[in-house]
Amino acid sequence: MTYFSLEEASNRYEQYRPKVHGVIKHWLKNAGITKRFDTAIDIACGTGDSTIPVIDISNSVQGIDLSEVMLNKARAKGLEVNQLGYEAAHTLGQFDLITTCMAFHWFDFEQAVQAYKQASSDSSIWLIYNFSFGGSVHSKEFNDWFFDTYLTLFPTPPRNSQTANFEGVSNLEKLDSSKGTIPLSFDKAALIKYLTTQSNIEAAVHQGSSYEEVEAILQDSLQSIVFDEAFLYNYSYSIYRYTRDS
């Protein structure tokens, strides 16, 4: 199934996902990449949150995604986007920068590598990155609930474990990779709304639950759990340079 394909899923993603994607500019700078790109494509751009910071570092930016409802949110922001899968990125041209946020783990690894190569100009930069919920800063009780109860009630859908393991891929040079955390603040109501933006909740909705039912379950399950509003957003990224054979 295509996740984030429901209208309500796109609404919640737009409203409740943290808007932290501007950090990519610091990552690129840390990797020694300070030039402005001529062309860029954001693969699996969703609502455009990951596309917006690319505009600051590129002369021309396009986004692609399979979900029309997510793309409608991106279009409302004035972004140039198309309903295409990663396999067809090259039909829009060859790009100096290719970015992908929280999506590579859904792709077929070998197929995606070939597709990215086809969509690359010479010395193209690839930035593959992920964010994930890192739990509470202070409450072990909450973190135990998250892993033992929440993820049992709403299991994470299967995905490709080769998120960004490009070791041994020809013509590809790793420039940098890192991981860390970004602080977030959620009260209980905001936390529940955020949790409903995750793919495991959309999977439950596809299987017959409603978002309102899920929220009620989470509200009830969290009722006795003690936590403050300090949470973490995990990030990990890898930056590569692709060089074509001469």
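What you see is a predicted model; the values in this text were computed from it and never measured. (Residues numbered from 1 in each chain as written. Predicted model: local features only at pLDDT ≥ 70, side-chain atom pairs only at ≥ 80, totals over all residues. Heavy atoms only, no water.)

Section: the environment of Glu7
As for its placement among the helices and strands, Glu7 is situated in helix H1 (residues 7–16). Counting along the chain gives 60 residues from Glu7 to Ser67, while the straight-line C-alpha distance between them is 9.6 Å. In this structure Glu7 touches Val69 and Lys73, once residues within four positions along its chain are discounted. (Helix = DSSP H or I, 4+ residues; strand = E, 2+ residues; numbered from the N terminus. Contact = heavy atoms within 4.5 Å.)

Overview of the UniProt feature "domain: Methyltransferase" (unreviewed entry) in the chain
Following the UniProt record, the feature "domain: Methyltransferase" (unreviewed entry) maps to residues 41–119 here. The span residues 41–119 is 29% helical and 27% strand by assignment, and the distance between its end C-alpha atoms comes to 9 Å. (UniProt positions renumbered as here; feature names shortened; annotations may be inferred.)

Some thoughts on the pattern of salt bridges
Throughout the structure, instances matching the rule amount to 11 salt bridges. Put simply, Lys19 and Asp49 hold a salt bridge, and the shortest N to O gap is 2.7 Å. Pair noted here: Lys19 is in the loop between H1 and helix H2 (24–30) and Asp49 is in the loop between strand E1 (37–43) and helix H3 (52–55), with a separation of 30 residues, a long-range link. Lys140 is the salt-bridge partner of Asp144, the closest N and O atoms lying 2.7 Å from each other. (Salt bridge = Lys/Arg side-chain N within 4 Å of Asp/Glu carboxyl O.)

Points about helix H5 (residues 109–118)
Among the residues of H5, Phe109, Ala112, Val113, Ala115, Tyr116 and Lys117 are the ones counted as buried. For H5, the secondary structure elements touched by its buried residues are E1, strand E4 (95–101), strand E5 (120–136) and strand E7 (230–242). (Buried < 20%, exposed > 50% of the residue type's maximum accessible area, 1.4 Å probe, protein only.)

A word on the packing of aromatic side chains
The full count for this structure, using the stated rule, is 35 aromatic pairs. Between Phe104 and Tyr116 the ring centres are 5.5 Å apart and the planes differ by 80 degrees, which places this aromatic pair in the edge-to-face class. Taken together, the residues span a long stretch of sequence, with Phe104 in the loop between E4 and H5 and Tyr116 in helix H5 at a distance of 12 residues. The class of Phe104 is buried, set by a relative accessible area of 1%. Between Tyr129 and Phe131, the aromatic rings sit 5.7 Å apart at their centres with planes inclined by 85 degrees, giving edge-to-face as the arrangement. Like Phe131, Tyr129 is buried. (Phe/Tyr/Trp six-rings, centres within 6.5 Å; stacked < 30°, edge-to-face > 60°.)

Some points on helix H4 (residues 68–76)
Restricting attention to buried positions, one finds in H4 the residues Val69, Met70, Leu71, Lys73 and Ala74. Lining the buried residues of H4 we find H1, strand E2 (58–65) and strand E3 (81–83). Backbone geometry just after H4 places Gly78 at a positive phi near 85 degrees.

As for the packing of helix H7 (residues 188–195) against helix H9 (residues 211–222)
Axes are the key here: two packed helices are described by the angle between their axes and the distance separating the axes. Two numbers describe how H7 lies on H9: the axes approach to 10 Å, and their chain directions differ by 135 degrees. Our classification of the angle between H7 and H9 gives oblique. For H7 against H9, the interelement crossing comes out right-handed. Here Lys188, Leu191, Ile192, Lys193 and Leu195 of H7 come into contact with H9, specifically with Glu215, Leu218, Gln219 and Leu222. Classifying every residue of the contact of H7 with H9 gives 5 nonpolar, 1 polar and 3 charged. (Axes fitted to C-alpha atoms, helices over the stretch in contact; angles between N-to-C directions. Parallel < 35°, antiparallel > 145°, perpendicular 65-115°, else oblique. Left-handed = near helix turned anticlockwise from the far one by under 90°. Nonpolar A, V, L, I, M, F, W, Y, C, P; charged D, E, K, R; others polar.)

Overview of the nonpolar core
By size, the foremost hydrophobic cluster in this structure holds 53 residues, and its most contacted members are Trp27, Phe131, Phe142, Trp145, Leu191 and Ile239. Look past the residues within four positions of Phe142 in its chain and what remains in contact with it is Phe133, Gly135, Ser136, Leu191, Leu222, Ile225, Phe227 and Phe231. Ala44, Phe95, Tyr116 and Leu172 belong to the second largest nonpolar core, which has 24 residues in total. (Core = buried A, V, L, I, M, F, W, Y, C linked by side-chain atoms within 4.5 Å.)

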